[in-house]
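Reading the structure
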Amino acid sequence: MEDTKKIIFSGIKPSGDLTLGNYLGAIKNWVKLQDQYDCYFCVADLHAITVRQDPKDLRRRTLEILSIYISSGIDPEKNTLFIQSHVPAHSEASWLLTCSSYMGELGRMTQFKDKSQKYGESIGAGLFNYPILMSSDILLYNADLVPVGIDQKQHLELARDIGERFNNLYSPTFTIPDAYIPTSAAKIMDLQDPTKKMSKSEDNPNGYILIMDPVEVIRKKISRTVTDSIGIVNYSDDQPGVKNLINILSSIKGISPKDIVKNYEGLGYSELKKDVAEAIITELSPIQTKINELLSNKTYLEDIYKKGAEKANYVANKTLRKMQKKIGLIPR
Ligand code: AMP
Ligand code: TRP
């Protein structure tokens with residue numbers, strides 16, 4: 001039975017403290033999928049260093065993310081949880097795939113284009129190559145499905161192209177993965193500017209909710225959410241702030257946006273905001289307690305990421321050896 005399960009791969013990079021967007025867009029889905037699939041979830045530390053990281057913060061966040069995975073309900077016994085840099089095959093495969101990737105396709109990635117606007121000529125080469133490393137992550141495990149938020153869809157399409165190209169150039173080697181994108185939580189928006197994605201790299205902390213935000217902070221940030229002057233709870237693109245709040249509630253409670261709108265007939269934004277805040281608090285509080293417990297038990301965490309790396313190294317190295325052989329590198 002075990003062998004017939006399809007494979008899932010996903011990861012989050014420890015480049016900032018995780019937000020509600022990461023939780024609802026990615027982690028909460030992983031929890032739902034873990035029983036049906038053979039899952040690999042990594043902390044993508046090599047992706048985080050595409051921008052400058054303080055070494056101390058990087059170490060702290062890497063372990064924090066691992067604790068968040070476990071505390072959110074991802075069972076370390078059933079799934080393979082590991083730290084990306086502990087599996088050198090990711091970096092090696094990334095070079096091999098770099099050699100069959102095109103500048104053109106990498107330059108077309110919107111994430112890269114946005115960042116190059118910001119940094120100009122001094123944009124790091126790592127940000128350009130970023131999607132190749134992500135392709136390696138996914139292809140090495142022959143993942144069938146990659147659960148991510150919608151911002152990663154383009155990178156996933158590139159991973160498919162890179163995988164298909166290798167299969168055609170040599171011979172079938174990789175499974176070509178599909179994206180798995182949640183419906184209401186595909187893109188949780190910034191609370192202060194609902195036209196932008198909620199992001200941990202945003203300057204204004206009122207725009208995002210962190211998984212570790214204290215209860216009072218969550219209440220305050222939600223009550224300050226930018227809405228509109230229409231005053232009626234609708235699920236509409238003309239009311240992006242309200243739509244975002246409905247999406248958050250929908251994703252936490254598992255109720256469709258349409259049914260949520262019905263529940264607020266005759267009620268205003270303040271009732272909606274209050275309920276959204278309480279739903280987030282009810283969801284995150286027990287997770288926060290567990291995270292703090294785990295973070296004080298470093299040996300338990302170490303045990304998990306070491307075991308995870310062992311399994312991941314075994315699987316990834318098998319694929320890497322195949323790649324090397326097909327390319328014409330002499331076996332060691
Ligand atoms: P990152 O923080 O960029 O490593 O993203 C990790 C995962 O969280 C990816 O699957 C993203 O698509 C997802 N994600 C990040 N921000 C959001 C958001 N605001 N809404 C939905 N998903 C998100
Ligand atoms: N690049 C992803 C992000 O920023 C994180 C990530 C790294 C990832 N490797 C992955 C996601 C492999 C899915 C599969 O969101």
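Model, not experiment: these values are computed from the prediction.

**Re the domain arrangement of the chain**
Entries for the chain in the domain assignment read domain 1 (2-185 + 298-327) and domain 2 (205-292). Spacing between the C-alpha centres of domain 1 and domain 2 amounts to 29 Å. Each partner contributes to the interface: domain 1 provides 15 residues, whereas domain 2 provides 16 residues. When domain 1 packs against domain 2, the two sides together hide about 1400 Å² of surface, and 67% of this comes from carbon and sulfur. The largest per-residue losses of area from domain 1 upon contact with domain 2 belong to Leu20, Ser71 and Ser184, which jointly make up 40% of the total buried on that side. In this structure, the salt-bridge partner of glutamate 283 is lysine 28, at a minimum N-O distance of 3.0 Å. Counting every contact that joins domain 1 to domain 2 gives six residue pairs in polar contact (both at pLDDT 80 or more). Among the elements of the structure, α1 (20-33) and α3 (55-71) are those that each provide at least two residues to the side of domain 1 that touches domain 2. Of the residues that constitute the side of domain 1 that touches domain 2, the class distribution is seven nonpolar, five polar and three charged.

**Let's talk about the UniProt feature "short sequence motif: 'HIGH' region" (unreviewed entry) in the chain**
UniProt records the feature "short sequence motif: 'HIGH' region" (unreviewed entry) for residues 14-22 in the present numbering. Within residues 14-22, the helical portion is 33% and the strand portion 0%, while the C-alpha atoms at the span's ends are 11 Å from each other.

**Brief notes about the site of ligand 2**
Near ligand 2 you find 13 residues, and of these Lys13, Tyr130, Met134, Asp137 and Gln152 are the closest. Here lysine 13 contributes a side-chain N or O atom positioned 2.8 Å from an oxygen atom of ligand 2. In the model, a nitrogen atom of ligand 2 is placed 2.6 Å from a nitrogen or oxygen of the aspartate 137 side chain. For ligand 2, whose accessible area on its own is 370 Å², the fraction buried by protein is 94%.

**What to know about the site of ligand 1**
The immediate surroundings of ligand 1 are formed by 17 residues, with Lys13, Gly149, Asp151, Ile188 and Lys200 found nearest. The contact in question runs from an oxygen atom of ligand 1 to an N or O atom on the side chain of lysine 13, over 2.7 Å. Residue glycine 21 places a main-chain N or O atom 3.3 Å away from a nitrogen atom belonging to ligand 1. Relative to its unbound accessible area of 480 Å², ligand 1 is 95% covered by the protein chains. Counting residues per element, the shell around ligand 1 draws most heavily on α1, which supplies four residues. Along the lines of polarity and charge, the residues of the shell around ligand 1 split into seven nonpolar, five polar and five charged.

**Observations regarding the nonpolar core**
One recurring pattern in soluble globular proteins: nonpolar side chains tend to sit buried together. Core analysis: the biggest nonpolar cluster contains 59 residues, and Ile27, Tyr69, Ile222, Leu272 and Ile280 have the highest contact counts within it. Of all the elements, helix α12 (residues 269-295) adds the most residues to this core, at 12 residues. Ignoring anything within four residues of it in the chain, the contact list for isoleucine 280 reads Leu20, Ile209, Ile218, Ile222, Ile248 and Ile252. Core analysis: the second largest hydrophobic core is formed by 38 residues, Ile123, Leu140, Leu156 and Ala312 among them.

**Notes on the pairing of strand β1 (residues 7-12)**
Most of β1 is tucked away: five of the six residues are buried. Here β1 runs beside strand β2 (residues 38-43); their pairing, made up of six bridges, is parallel. Bridging from a neighbouring strand, phenylalanine 9 pairs with tyrosine 40 of β2. Following the backbone out of β1, through α1 and into the adjacent parallel β2, one traces a crossover that is right-handed.

**Details of empty space enclosed by the protein**
Empty space among the atoms can be located by rolling a probe the size of a water molecule over them. Scanning all chains against the criterion turns up one cavity of 30 Å³ or more. The space that makes up the largest cavity amounts to roughly 70 Å³. Taken together, Leu106, Met109, Gln111, Phe112, Lys115, Leu127, Phe128, Tyr130, Pro131 and His155 make up the lining of the largest cavity. Those elements that place two or more of their residues in the lining of the largest cavity are α6 (110-119) and α7 (125-140). It is α7 that contributes the most residues to the lining of the largest cavity, four residues altogether. When the residues that make up the lining of the largest cavity are grouped by side-chain class, the tally is seven nonpolar, two polar and one charged.

**With respect to the UniProt feature "binding site: L-tryptophan" (unreviewed entry) in the chain**
Within the UniProt annotation, "binding site: L-tryptophan" (unreviewed entry) is assigned to Asp137. Within the secondary structure layout, aspartate 137 lies in helix α7. When its relative accessible area of 4% is taken as the criterion, aspartate 137 is described as buried. Sequence-distant contacts of aspartate 137, that is, excluding residues within four places in its chain, are made with Phe9, His47, Gln84 and His90. Within the structure, the side chain of aspartate 137 is placed 3.0 Å from the side chain of glutamine 84, a separation counted as a polar contact.

Calculation notes
Residues numbered from 1 in each chain as written. Chains lettered and ligands numbered in written order. Predicted model: local features only at pLDDT ≥ 70, side-chain atom pairs only at ≥ 80, totals over all residues. Heavy atoms only, no water. Domains from an automatic or database assignment. Contact = heavy atoms within 4.5 Å. Buried area = accessible area lost by both parts, 1.4 Å probe. Salt bridge = Lys/Arg side-chain N within 4 Å of Asp/Glu carboxyl O. Polar contact = N/O pair within 3.5 Å; in protein donor to acceptor, adjacent residues only side chain to side chain. Helix = DSSP H or I, 4+ residues; strand = E, 2+ residues; numbered from the N terminus. Nonpolar A, V, L, I, M, F, W, Y, C, P; charged D, E, K, R; others polar. UniProt positions renumbered as here; feature names shortened; annotations may be inferred. Near = heavy atom within 4 Å. Areas by Shrake-Rupley, 256 points an atom, 1.4 Å probe, with all protein chains shown as cover. Core = buried A, V, L, I, M, F, W, Y, C linked by side-chain atoms within 4.5 Å. Buried < 20%, exposed > 50% of the residue type's maximum accessible area, 1.4 Å probe, protein only. Pairing = 2+ DSSP bridges. Right-handed = clockwise from strand over helix to strand, strands pointing away. 1 Å grid on protein atoms, 1.4 Å probe; cavity = no way out; pocket = protein on both sides within 12 Å on 5 of 7 lines; lining within 4 Å. Points joined across faces, edges and corners; volume = space filled by probe spheres on them.

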